[in-house]
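Structural characterization, general
Here is how the chains run, residue by residue.
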Amino acid sequence: MSSIIQLLPDHVANQIAAGEVVQRPASVVKELLENAVDAGATDIKLIIKDAGKALVQVVDNGLGMSVTDARLSFERHATSKIRKAEDLFSLHTKGFRGEALASIAAIAHVEMKTKQDQEELGTQIVVEGSKFISQEVAVLPKGTSFAVKNLFFNIPARRNFLKSDTVEYRHVVDEFQRVALAHSNIYFTFYHNGSEMFNLPASSLRQRIVNIFSGKTNQKLVPVQEETEMVTIQGFVSKPEFAKKNRGEQFFFVNDRYIKSGYLHHAVMAAYDGILKDGAQPSYFLYLTVPPNTIDINIHPTKTEVKFDDEHALYAILRASIKHSLGQFNVAPILDFDRDSNLDTPYHYKDLQGATPTIQVDGSFNPFSDDKVNKHYSGYKKPEPTANWESLYVGLKQDSEFSIVNTDFSFESEEVTGSLFNDGEVEQTVHSAYQIHKKYIVSSIKSGMVIVDQQRAHQRVLYEQFLTNMTVHQASSQQLLFPLDLFFSSAEMELIEDLKLSLVNTGFVFEETMKDHIVISGIPVNVTESEVSLVLEQLLSDLQDGIPESSFSQNDTIAKSMAKSLAVKTGTVLTVKEQENLVNGLFACKEPNVSPFQKPTFITMRVEDLDKKFAI
């Protein structure tokens, strides 16, 4: 039998590696930005077109590369970051695999321009699908410019799997923010389709966070600082009242590298235990510095997962440091059971001087006197004995006309036996709906009974109402006495600008739209003022997570998101009238069988089914 194992060609191996390293344009952004940081750049520009599908370009003023290094950088496992295996446990750079540039060049058109400071001329290289097209000498500024065009041009299946521009742009922004937050000492600029989206000059960490997320971010930050032999923790957490429904503003950095860790996230949530509403998520920007030999980064190609030597100790330190910060800045409530609040000096008595008490002496008082009655208590009078009760009736005639049994008199009894209405006019009220476990509504029907899930049913009712308002009728709006100011990040403001027309059709009235906040003067009729921020946050979260792909239109997306936010939740007690209205509203819908998210809203149980249950 002939040998069947063979060595794969380089371009095939590179495409396989690209499947791990490059999932979408955001992956390219991450790799190129990290290379620019490793090159020691102090000014980095990110330029993208069509959410990175057409172009991703990173320009930096770092060290640059020599002619030989420029060519060699596109080879697999060619890197300047490490020399031997032991270096993996003392990493001080973002990259170390040497796979990124080779993987990117295998699936895109790449143009690299680079020049070192001491050289007069630089190098320009063009690579298309792992094939070197040209290498020329060029006049260039110091640093490197890396342009990636037409991503997945030679893998159409992968290109078809990319989401909409809105979703892909959101992923690019996420990667940009992670790198920018990790390095506040570097000047970052971000351009999308010719428009400047972010301009982040070198600044302190707090200023960098405010510049990225804008709005009222500065007001909600609580500093965290802790230093131990094992780890140094610094950064910021948010006050509980600013907690959001989504987990968009949660960042962990270990040695200036962004990571994802459900275990550490649990430690943060444990520190907030008891001071957050159900389902609320705090914002946090936490930077952990640990010895490089106590973590393992070489687990996943994206390098967002790490292993710690002693996770349990890290958990305890992180939770305690956050809890300490929340208490130190009077964010978390502090109970002191040893202190009696009754002993506190009232505020208006704080500055008063104590006066000498006056003493009154009764000179005539003689404790040995026979007179036992004290003049001070002479006001007390002993009641006179009353006559016997029989004397009350002395002199009454015992005539029959005053007899108690006289039928001319009628007495009011304790029970009212009469009725204001005739028996025929009284309508017997029978409850047609009952709530079970604050979750289901049971209603009787001719063939048996129907059991309705109150949350899903309300979602269906609201969804069809919103959709009708946006497409058929003019939506009703209630004007606010005091307009609402809502603050959002720049990325969220761009989404709101795109959704503005659809939101107006829903019933929102925008009085003003600024760079970092909006002013709302009118809201839909079935939305309360306190729910406005929650509804918009949920809508932005749904759009960023890619829900539009499963919807027919933007209106459909908004209707689904608002229905999900405003629907009555499981655990809410409903009155009998509310139960009946919900059941009637559900069966008046066009599609009462399923919720907007294709889940059943009710089940029916026939009398025959119940009979079978009781059959012996």
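Our subject is the structure listed above.
Each chain has its residues counted from 1, following the order in which its sequence is written. Local features in a predicted model are, by the rule used here, given only for residues with pLDDT of at least 70; side-chain atom pairs are given and counted only at 80 or more, and totals for whole chains, interfaces and linings are based on all residues. Each side-chain value is derived from all of the structure's non-hydrogen atoms; neither hydrogens nor water enter the calculation.

**Looking at the sheet that holds strand 16 (residues 433-436)**
Spatially, the four strands line up as an open sheet ordered 16-17-18-22, and their pairing is antiparallel. Each end of this open sheet is capped by a strand with a single partner; those strands are strand 16 and strand 22 (602-606). For this sheet, the mean inter-axis angle between neighbouring strands, taken without regard to orientation, is 25°. Two strands pair if DSSP finds at least two bridges between them. Runs of H or I in DSSP of at least four residues are treated as helices and runs of E of at least two as strands, each being numbered from the N terminus. The pairing of strand 17 (residues 440-445) with strand 18 (residues 448-453) spans six bridges and is antiparallel. When the sheet's bridge partners are listed, Tyr440 is paired in strand 18 with Asp453. Along the sheet, helix 11 (residues 454-471) makes contact with strand 16, strand 17 and strand 18, crossing strand 18 at roughly 75°. In what follows, residue pairs with any heavy atoms lying within 4.5 Å of each other are defined as contacts. Working convention: axes come from line fits to C-alpha atoms, limited for helices to the stretch in contact. Angles between N-to-C directions cover 0 to 180 degrees. The sheet strands contacting helix 15 (residues 576-587) are strand 16, strand 17, strand 18 and strand 22, and the helix crosses strand 16 at an angle near 100°.

**Details of the packing of helix 12 (residues 490-506) against helix 14 (residues 554-566)**
Their axes nearest at 10 Å, the elements helix 12 and helix 14 cross at an angle of 65°. Crossing handedness for the pair helix 12 and helix 14: right-handed. Touching Asp498, Leu499, Ser502, Leu503 and Thr506 of helix 12 are Gln554, Asn555, Ile558 and Met562, all from helix 14. Each residue is assigned to one class: nonpolar for Ala, Val, Leu, Ile, Met, Phe, Trp, Tyr, Cys and Pro, charged for Asp, Glu, Lys and Arg, and polar for all the others, Gly among them. Considering only residue class, the contact of helix 12 with helix 14 consists of four nonpolar, four polar and one charged. With the far helix as reference, a near helix turned anticlockwise by less than a right angle produces a left-handed crossing, and one turned clockwise produces a right-handed crossing.

**A closer look at the packing of aromatic side chains**
Aromatic rings from Phe, Tyr and Trp, with only the six-membered ring used for Trp, were paired whenever their centres fell within 6.5 Å, and each pair was classed as stacked if the ring planes differed by under 30 degrees, edge-to-face if by over 60, and tilted otherwise. The tally for this structure, following the rule as stated, stands at 17 aromatic pairs. Residues Phe190 and Phe198 carry aromatic rings whose centres are separated by 5.9 Å and whose planes lie at 0° to one another, so their mutual orientation is stacked. With a 1.4 Å probe rolled over the protein chains alone, any residue whose accessible area is under 20% of its type maximum counts as buried; one over 50% counts as exposed, and the rest are partly exposed. Judged by its relative accessible area of 0%, Phe190 falls in the buried class. Classification of Phe198 as buried rests on a relative accessible area of 3%.

**Quick look at the packing of helix 11 against helix 12**
Helix 12 packs onto helix 11 with a crossing angle of 105° between their chain directions and a minimal axis gap of 8 Å. The angle between the axes of helix 11 and helix 12 places the two elements in the roughly perpendicular class. In contact with Phe466, Asn469 and Met470 of helix 11, helix 12 contributes Ser502, Asn505 and Thr506. Along the lines of polarity and charge, the residues of the contact of helix 11 with helix 12 split into two nonpolar, four polar and no charged. For classification, angles of less than 35 degrees are called roughly parallel, those exceeding 145 degrees roughly antiparallel, those between 65 and 115 degrees roughly perpendicular, and all remaining angles oblique.

**Notes on the sheet that holds strand 19 (residues 477-487)**
One open sheet holds the three strands; their spatial order is 19-21-20, and the pairing between them is antiparallel. A single partner strand is all that each edge strand has here, and the edge strands are strand 19 and strand 20 (509-513). Averaged over all neighbouring strand pairs, the angle between strand axes comes to 15°, with direction disregarded. Summarising the sheet, strand 19 and strand 21 (residues 517-524) pair through seven bridges and their orientation is antiparallel. Following the sheet pairing, Ser477 is matched in strand 21 by Pro524. Each of strand 20 and strand 21 is contacted by helix 12, which is oriented at about 150° to strand 20, the strand it contacts most.

**Some remarks on unusual backbone geometry**
Phi at Lys438 takes a positive value of approximately 55°, unusual for a residue other than glycine. Following the sequence through the fold, Lys438 ends up in the loop between strand 16 and strand 17. Judged by relative accessible area, which is 43%, Lys438 ranks as partly exposed. With a phi angle near 60°, Gln598 is a residue other than glycine that sits in the positive phi range. Inspection of the secondary structure assignment puts Gln598 in the loop between helix 15 and strand 22.

**Digging into the side chain of Gln57**
The residue Gln57 is located in strand 2 (residues 55-60) in this model. Given a relative accessible area of 18%, Gln57 falls into the buried group. Pairs of N or O atoms are called polar contacts if they sit within 3.5 Å, as long as, within protein, a hydrogen donor faces a hydrogen acceptor (for residues adjacent in sequence, only side-chain-to-side-chain pairs). Among the polar contacts made by the side chain of Gln57, one reaches the side chain of Ser145 at a distance of 3.0 Å. The contact partners of Gln57, leaving out residues within four places of it in the chain, are Lys45, Leu46, Ile47, Ser145, Phe146 and Ala147.

**Observations regarding the environment of Gln116**
By the element assignment, Gln116 lies in the loop between strand 3 (109-115) and strand 4 (122-128). C-alpha separation for the pair Gln116 and Gly64, spaced 52 residues apart in sequence, amounts to 4.6 Å. Beyond its immediate sequence surroundings of up to four residues, Gln116 is in contact with Leu63, Gly64, Met65 and Ser66.

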